[in-house]
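# Working through the structure, step by step
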Amino acid sequence: MNAIVQNDQAPVLQVTDLEIEINGGQGSFAVVSEMNLHVRAGETLCIVGESGCGKSMTALALLRLLPDAAKVASGKILIDGQDFMAMSERQVEDYRGEKIAMIFQEPLTALNPVLRIGEQIAEAVRQHRKCSRKEAYAKAVETLQLVQMPDPERRAGQFPHELSGGMRQRAMIALALACDPKIIIADEPTTALDVTIQAQILGLISTCKSVSARRKSSSPTTSASSPRSPIG
Ligand SMILES: Nc1ncnc2c1ncn2[C@@H]1O[C@H](COP(=O)(O)OP(=O)(O)OP(=O)(O)O)[C@@H](O)[C@H]1O
Ligand SMILES: [Mg+2]
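Residues numbered from 1 in each chain as written. Chains lettered and ligands numbered in written order. Predicted model: local features only at pLDDT ≥ 70, side-chain atom pairs only at ≥ 80, totals over all residues.

### Looking at the packing of helix α4 (residues 117-128) against helix α5 (residues 133-146)
Two numbers describe how α4 lies on α5: the axes approach to 8 Å, and their chain directions differ by 115 degrees. The handedness of the crossing between α4 and α5 comes out as right-handed. Counting all contacts with α4, which are made through Gly118, Ile121, Ala122, Val125 and Arg126, the residues of α5 involved are Arg133, Ala136, Tyr137, Lys139, Ala140, Val141 and Thr143. (Axes fitted to C-alpha atoms, helices over the stretch in contact; angles between N-to-C directions. Helix = DSSP H or I, 4+ residues; strand = E, 2+ residues; numbered from the N terminus. Left-handed = near helix turned anticlockwise from the far one by under 90°. Contact = placed C-beta atoms within 7 Å.)

Shown next, in the form of structure tokens:
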């Protein structure tokens, strides 16, 4: 698989000759091979392919979240020029959420069922930012507002099962956006939703990307060349 984009900036994500192997009952076999891609700030890259061709495996490898049966057999993943595969688990935890985040397909399995939405997002914020619980919670509500969650203050106090499918997906997106990551991976973020909500969510991801790019370009402390880049 090869994805080629044209732009002169250094890529925020670069994958070179990635090979992912599954260790099955009858030995190991490659489910992804010769995967090459690069994404620069502000770009959106879509990976398409038939069911089972390895899209989700690729997405999980980019976050070092492959299931036990799978492993990266060879290849390189560079995030912001840093070798992601060579990092310690501690460094990877720092990168997840802050540099690279994922919007999962099924929010009910990805969200913590026993934690209120606002608390989950605030927890992610506190993992990466030095701030008080109150500030983190305020950032959570602000992010819920950004993803157009209706009545964000009230919804922040609810559990995932109390939200509609579309609201849960918005909460998932808010969780991914909360720490302003440079790269967002979205693995079929709308499959579980009906067609009208699918269109709204895709529009929302696109809007959030533009808002983030504008914020970063107007921030005196942040380079204009680092808006996040979703992959779908
Ligand atoms: N947890 C797992 N353990 C073992 N093999 C797996 C696991 N998850 C996926 N696979 C295998 O890895 C291969 C790639 O699967 P993957 O889920 O990446 O496909 P996909 O392109 O995302 O498909 P879809 O479009 O249906 O979501 C498939 O052959 C699948 O059977
Ligand atoms: Mg998949």
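### Focus on unusual backbone geometry
Unlike most non-glycine residues, Asp17 shows phi in positive territory, near 45 degrees. With respect to the secondary-structure elements, Asp17 resides in strand β2 (residues 13-24). In this structure, Asp80 takes a positive phi of about 55 degrees despite not being glycine. Looking at the secondary structure, you find Asp80 in the loop between β4 (70-79) and β5 (82-83).

### Re α4
In a regular helix each residue adds 1.5 Å, so 12 residues correspond to 16 Å; α4 covers 18 Å between its end C-alpha atoms and thus fits that length. Burial in α4 covers these residues: Ile117, Gly118, Gln120, Ile121, Ala122, Ala124 and Val125. On its buried face, α4 sits against α2 (89-98), α5, α6 (152-156) and α7 (165-177). (Expected span 1.5 Å × (residues − 1). Buried ≥ 20, exposed ≤ 12 C-beta atoms within 10 Å, placed from the backbone.)

### Details of the pairing of β4
Where β2 and β4 come together, eight bridges link them in antiparallel fashion. Among the inter-strand pairings, Gln14 is bridged to a residue of β4, identified as Leu78. Alignment of β4 against β5, held across two bridges, turns out to be antiparallel. Bridging across to β5, Leu78 finds its partner in Asp83. Following β4, the chain reverses through two residues before pairing antiparallel with β5; Asp80 in that reversal takes a positive phi of roughly 55 degrees. (Pairing = 2+ DSSP bridges.)

### A few points about the nonpolar core
Of all hydrophobic cores here, the largest spans 56 residues; its most connected members are Ile121, Ala140, Ala171, Ile173, Ala174, Ala176 and Ala178. The greatest single-element share of this core, amounting to eight residues, is contributed by α7. Looking at which domains feed residues into this core, each of domain 1 (1-86) and domain 2 (87-215) supplies at least three. Those residues within four positions of Ala174 in sequence are excluded, and the remaining contacts are Ile121, Thr143, Leu144, Val147 and Met149. (Core = buried A, V, L, I, M, F, W, Y, C linked by C-beta atoms within 7 Å. Domains from an automatic or database assignment.)

### Some thoughts on the pairing of strand β3 (residues 27-39)
Where β2 lies against β3, nine bridges are found, and the strand directions are antiparallel. Within β3, the residue paired with Ile22 across the bridge is Phe29. Hairpin connection, β2 to β3: the antiparallel pair is bridged by two residues.

### Concerning helix α1 (residues 55-62)
Judged by how many residues are buried, α1 sits mostly within the fold: six of eight residues are covered. Buried residues of α1: Lys55, Met57, Thr58, Ala59, Ala61 and Leu62, and no others. Where α1 is buried, its residues contact β2, β3, β4, β6 (100-103) and β7 (183-186). Following α1 by one or two positions, Arg64 has its phi on the positive side, about 50 degrees.

### What to know about the site of ligand 1
Residues in close proximity to ligand 1 include Ile22, Val31, Gly49, Ser51, Gly52, Cys53, Gly54, Lys55, Ser56, Met57, Pro67 and Ala69, which together make up its full environment. It is α1 that provides the largest number of residues to the shell around ligand 1, a total of three residues. Here the residues of the shell around ligand 1 sort into six nonpolar, five polar and one charged. (Near = placed C-beta within 6 Å. Nonpolar A, V, L, I, M, F, W, Y, C, P; charged D, E, K, R; others polar.)

### Quick look at the environment of Ala30
Turning to its location among the elements, Ala30 is positioned in strand β3. The spatial distance from the C-alpha of Ala30 to the C-alpha of Gly54 is 9.6 Å, given a sequence separation of 24 residues. With near-sequence residues (within four places) excluded, Ala30 lies in contact with Glu19, Ile20, Glu21 and Ala73.

### Things to note about the confidence of the model for the chain
Confidence in the prediction of the chain, expressed as mean pLDDT, is 85, and 87% of residues score 70 or more. When mean pLDDT is compared element by element in the chain, α6 scores highest at 97, while strand β8 (residues 229-231) scores lowest at 43. The model gives residues 219-232 a pLDDT under 50, and that stretch makes 40 contacts with residues more than four places away or in other chains. (pLDDT = per-residue confidence, 0-100.)

### Points about the environment of Thr109
Among the structural elements, Thr109 can be located in helix α3 (residues 107-110). As for Thr109 and Pro160, which are separated by 51 residues in sequence, their C-alpha atoms are 9.9 Å apart.

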